[in-house]
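A structural walkthrough
If you want the building blocks of each chain, they are given just below.
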Amino acid sequence: MRLKGLVIALWVSTFALAGPADNSLVVGSSQEPRTLGGDFLGIISGQAIKGEVEEYLYAGLINVDAAGQNVAGLVSEVPSQQNGRLRFKDLGQGKRQVEMDLTLRPGLKWSDGAPLTSDDLAFAFEVGTAKGMPVPTPDFWSRVSLKVKDKQTFTLTFEPATFADLIGQPIPYAPAHIMRAEWEKTQAAAKPLDPQKDAEKLNEIYRNFFLQFSSPQAINAGRMVYSGPFRVSRWVPGSTLELTRNPNYYLTPPGGADKYVQKVIYRFIQNTNSLLVSIIGGSIDATSIQTGLTFDQARSPQLTSRSRNAFDIWFVPSDTLERAEINNFSNVARVKELGLDDPRTRQAIAYALNREAWVKAFFDGLEPVANTFINPVNPMSNPNVIKYPYDPAESRQILSELGWKPGPDGILQRTANGKTVRFELEFVTTAGNSIRERSQQFFADNLKQVGIAVRINNAPSSVVFADDFIARASQGRWSGIFMYANTYSLANNAIEYTCKDLNTGVDNLAIEKNNFVGGNIMGWCNAEFDKLRSQAVVEFDAAKRKALFAQMQQIWAEELPSIPLRFRTNPFISRKGLLNYTANTYTGGFSGPFGFASWQAYLIGWESWGAQRIYDQAKFALSIK
């Protein structure tokens, strides 16, 4: 496995070139966004496909380029100490305040022609800091403040500042001229409510506000506007999403916009086998980066032997961790009965999973087993953490020590609270994703060998990633394993494993008391981990930060709140002649540096229409011999 030039290129030309024929692009995705646009804080949905599509629809203030460096987007220049736009102030105890001056480019417009100004930053800030707002990153909103100087210039202050504050998009923005009137009604309804006593009601009020500008119905009614190179023209739920060029976008590609893709059509095909058939049939020009084909399907003979000369197949190293999240909430009866809140139980489960055979069988051994939450390509990675090789004997021994004994059917059982408990583990993942569903069966067989039964409870991504499911583990909405992936960036700050942010005092547990906000959805708490993280995130010296992250990863690997499976290499397909549909590990704009091909969507075009090649995917792809 080497990073170098050309990957698997397929040599054939048998399909009708629908995309090049009318200068459009048809993208196939196995997931569909639940919301777009108006859900600008990610209150309702944090799906990868939502972030990918929004890279077409919204421009970043500051982007992360293909080299992992900040570049100016909507702002005139990236703040630095050299240009005087970045100022540090020592707060003592290893903490700093950072002031960041930003100036918007002149003449920016929304897709409806209205000016994009500092008012749109101020509006988003007002919404993000509203009382009881169920933001997924409450620590961020507790640290940031905004001071508007004029329509173009504003200052962000982070106190205490973290290293992540200086990477990529610094703060969200949203169209005040579109959303403010409804927001004022929402504020009036929320004003008499107490965030502690009325959390559910407050949550409902805020969700309804965002849905009025982000649901398919709202989008089709034209209730949202866009700042990026494309805008939504039609959304057919369960089928397609059509994007067309935004004439008010601030950048023009070389040679003129007419030489580049004019329309992008997302086709949502939940079953990845059906998506593969559509590609082979010639109705798809490219696949989504995060939610396209599975690894094995991209290497399947059906594709490689029948699609010669039509497509390139790329394998791009990503910072996407596929993991088996485990419910750690002791208050959930099933968790307590099975002992999932005990690290020894979680370790036993890890020893039972033959992850080495899994990556060999499913991914030709080209994707390594993950051992921690930090990708080996990230400078903060610690390769020396405790590891859990496949060892069913060790798994059985641990389970025996915890009081589990084989029952009449071979499934483990023990007595808890005066009743016999059978070790049957709920296992959730995204329905229709063939590789996850087959992986689920593989792991279920592993678990059965040590006496653990599995009850599969799958649903579409729009269901399992909704905040009223994934964030409700404390209520037992899922009580065992939830297998899914998180896509990180260079700014991975381990927030989802923090119980409390000691720098701000913000609780990060997704529980009713907190209105189910925060990234810690599985309920694991470790005081030493929180202490180390509070030091690491405010440390701007890379070597010192690396040492702190190394200790955090060691604790995490010993406690094992979730089981790391693999860091994905994302395959994607692009029709030959499609230019600048390019991804690498860290690129991004509005939604963050997540490696989406759409981070420079205004440059995507067909060679046959005169588009110029700006980026070469061969520089960022994995070569498989």
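The structure we're discussing is the one just above.
So, here is what we can say about the structure in this document. (Residues numbered from 1 in each chain as written. Predicted model: local features only at pLDDT ≥ 70, side-chain atom pairs only at ≥ 80, totals over all residues. Heavy atoms only, no water.)

1. Notes on the sheet that holds strand β17 (residues 419-422)
Spatially, the 3 strands line up as an open sheet ordered β15-β16-β17, and their pairing is antiparallel. A single partner strand is all that each edge strand has here, and the edge strands are β15 (405-406) and β17. Here 2 bridges tie β15 to strand β16 (residues 412-416), and the two strands are oriented antiparallel to one another. Bridged to Pro-406 within β16 is Leu-412. (Pairing = 2+ DSSP bridges. Helix = DSSP H or I, 4+ residues; strand = E, 2+ residues; numbered from the N terminus.)

2. Focus on the packing of aromatic side chains
Within this structure, the stated rule accounts for 43 aromatic pairs. Geometrically, the ring pair formed by Tyr-173 and Phe-590 is edge-to-face, given 5.5 Å between the ring centres and 80° between the ring planes. Of the two residues, Tyr-173 is situated in the loop between β9 (153-158) and α5 (176-190) and Phe-590 in the loop between β25 (588-589) and β26 (592-593); the sequence distance between them amounts to 417 residues. Just as Tyr-173 is buried, Phe-590 falls in that class too. Between Phe-594 and Phe-596, the ring centres sit 6.1 Å apart and the planes meet at 75°, which makes this aromatic pair edge-to-face. A connected cluster of aromatic rings, assembled from ring pairs, spans Phe-40, Phe-123, Trp-183, Tyr-206, Phe-209, Phe-210 and Phe-213. Just above the ring of Phe-516 sits the side chain of Arg-472; from NZ or CZ to the centre is 3.7 Å. (Phe/Tyr/Trp six-rings, centres within 6.5 Å; stacked < 30°, edge-to-face > 60°. Buried < 20%, exposed > 50% of the residue type's maximum accessible area, 1.4 Å probe, protein only. Lys NZ or Arg CZ within 6 Å of the ring centre and 35° of its normal.)

3. Details of unusual backbone geometry
Here the residue pair Glu-159 and Pro-160 is connected by a cis peptide bond, since its omega of -10° sits within 30 degrees of zero. If you trace the backbone, Pro-160 turns up in the loop between β9 and α5. In this structure, Ala-494 takes a positive phi of about 60° despite not being glycine. Mapped onto the secondary structure, Ala-494 falls in the loop between β20 (481-487) and β21 (500-501).

4. Considering helix α18 (residues 527-536)
For α18, the set of buried residues is Phe-529, Asp-530, Leu-532, Arg-533, Ser-534 and Ala-536. Between a side-chain oxygen at the N-terminus of α18 and the backbone nitrogen of Glu-528 the separation is 3.1 Å; the capping residue is Asn-526. (Polar contact = N/O pair within 3.5 Å; in protein donor to acceptor, adjacent residues only side chain to side chain.)

5. Quick notes on the pattern of salt bridges
Applying the stated criterion to the full structure yields 29 salt bridges. Residue Glu-54 is joined to Lys-50 by a salt bridge in which the shortest nitrogen-to-oxygen separation is 3.7 Å. Within this pair, Glu-54 and its partner Lys-50 are both found in helix α2 (residues 48-57), separated by 4 residues, close to a single helical turn. One salt bridge connects Arg-422 with Glu-424, and the closest N-O pair in it is separated by 3.4 Å. Assessed through its relative accessible area of 35%, Arg-422 is described here as partly exposed. Salt bridges linked by common partners bring Asp-39, Lys-50 and Glu-54 together as one network. (Salt bridge = Lys/Arg side-chain N within 4 Å of Asp/Glu carboxyl O.)

6. Comments concerning the sheet that holds strand β6 (residues 86-92)
Strands pair in a sheet through their backbones, by hydrogen bonds, and they do so in one of two ways: parallel or antiparallel. The 4 strands lie next to each other as β6-β7-β9-β8, forming an open sheet whose pairing is antiparallel. Lying at the two open borders of the sheet, with one neighbouring strand each, are β6 and β8 (144-148). Direction aside, the axes of adjacent strands within the sheet are offset by 20° on average. Sheet analysis places β6 next to strand β7 (residues 95-103), joined by 6 bridges and oriented antiparallel. Paired with Lys-89 across the two strands is Gln-97, which belongs to β7. Each of β8 and β9 touches helix α3 (residues 118-128); the most contacted strand, β8, lies at about 150° to it. (Axes fitted to C-alpha atoms, helices over the stretch in contact; angles between N-to-C directions. Contact = heavy atoms within 4.5 Å.)

7. Things to note about the nonpolar core
Grouped together as the largest cluster of nonpolar side chains are 94 residues, with contacts concentrated most on Ile-349, Phe-373, Leu-425, Ile-452, Phe-482, Phe-529 and Ile-563. The element best represented in this core is strand β14 (residues 311-326), accounting for 6 residues. When near neighbours in sequence (up to four residues on either side) are disregarded, Phe-373 contacts Leu-321, Tyr-488, Asn-492, Ala-494, Tyr-497, Phe-529, Met-552, Gln-553, Trp-556 and Phe-567. Counting 87 residues, the second largest nonpolar core, distinct from the first, contains Val-135, Phe-140, Ala-176 and Trp-606. (Core = buried A, V, L, I, M, F, W, Y, C linked by side-chain atoms within 4.5 Å.)

8. What to know about the state of the cysteines
With the rule as written, the count across this model stands at 1 disulfide. Two residues share a disulfide in this structure: Cys-499 and Cys-525, whose sulfurs sit 2.0 Å from each other. Negative torsions about the S-S bond denote left-handed disulfides, and the value of about 60° found for Cys-499 with Cys-525 makes this one right-handed. Of this pair, Cys-499 sits in the loop between β20 and β21 while Cys-525 is found in the loop between β22 (506-507) and α18, placing the two residues 26 residues apart along the sequence. Its relative accessible area of 37% is what places Cys-525 among the partly exposed residues. (Disulfide = S-S within 2.5 Å.)

9. Considerations on the packing of α3 against α5
One can describe the packing of α3 onto α5 by two numbers: an axis separation of 11 Å at closest approach and a directional angle of 25°. Taken together, the axes of α3 and α5 lie roughly parallel to each other. Once α3 is placed against α5, the crossing between them reads as left-handed. On α5, the residues touching Asp-119, Asp-120, Phe-123, Glu-126 and Val-127 of α3 are Ala-176, His-177, Met-179, Arg-180, Trp-183 and Gln-187. (Parallel < 35°, antiparallel > 145°, perpendicular 65-115°, else oblique. Left-handed = near helix turned anticlockwise from the far one by under 90°.)

These results come straight from atomic positions and should not be treated as a statement about function.
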